[in-house]
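Here's the letter readout for the chains.
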Amino acid sequence: CSIQRRHQKLIEIAPAWHHSSEVRKNVQEDALKLTRACKYLCAGTVEFLVDENGRHYFMEVNPRVQVEHTVTEEVTNIDIVQSTFLIAG
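## Comments concerning helix α1 (residues 21-37)
For α1, built from 17 residues, the straight-helix expectation of 24 Å at 1.5 Å per residue is met to within 8% by its first-to-last C-alpha distance of 24 Å. Listed in full, the buried residues belonging to α1 are Val23, Val27, Ala31 and Thr35. For α1, the buried positions fall inside an angular range of 100° around the axis, keeping them on one side. Turned more than 90 degrees from where α1 packs its buried face, Ser21, Glu22, Lys33, Arg36 and Ala37 sit exposed. Taken together, the buried residues of α1 touch β3 (45-50) and β4 (56-62). Directly beyond the C-terminal end of α1, a positive phi value near 55° is found at Lys39.

See the structure below:
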């Protein structure tokens, strides 16, 4: 989850604490469905928008390590850059 101004991220928050665990679970499940359907096996970001009713909408897939990857690394305790190299073999 991020706070933006003029299309620039000012704050990145993870996990998105203001969404229910059900909303976060649904977003994660849909991201996994999408990447599995495409047989995507590397680092990337699947982005969704969530409305005030908790419904989420697909926006885009970024098939690369994003600048915000350090936030994900802190939350998951996974070194994303190292994992990318290990997957590549």
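There's plenty left to go through after this.
## Observations concerning unusual backbone geometry
Both trends apply: most residues other than glycine have a negative phi, and most peptide bonds are in trans. Across the junction of Ala14 and Pro15, the peptide omega takes the value -10°, indicating a cis bond. Along the chain, Pro15 turns up in the loop between β2 (8-12) and α1. The phi dihedral of Arg6 falls on the positive side, at around 55°, and the residue is not glycine. Among the structural elements, Arg6 can be located in the loop between β1 (2-5) and β2.

About the thresholds
Residues numbered from 1 in each chain as written. Predicted model: local features only at pLDDT ≥ 70, side-chain atom pairs only at ≥ 80, totals over all residues. Heavy atoms only, no water. Helix = DSSP H or I, 4+ residues; strand = E, 2+ residues; numbered from the N terminus. Expected span 1.5 Å × (residues − 1). Buried < 20%, exposed > 50% of the residue type's maximum accessible area, 1.4 Å probe, protein only. Arc of directions from axis to C-beta. Contact = heavy atoms within 4.5 Å.

Read these as layout, nothing more, since geometry by itself doesn't imply function.
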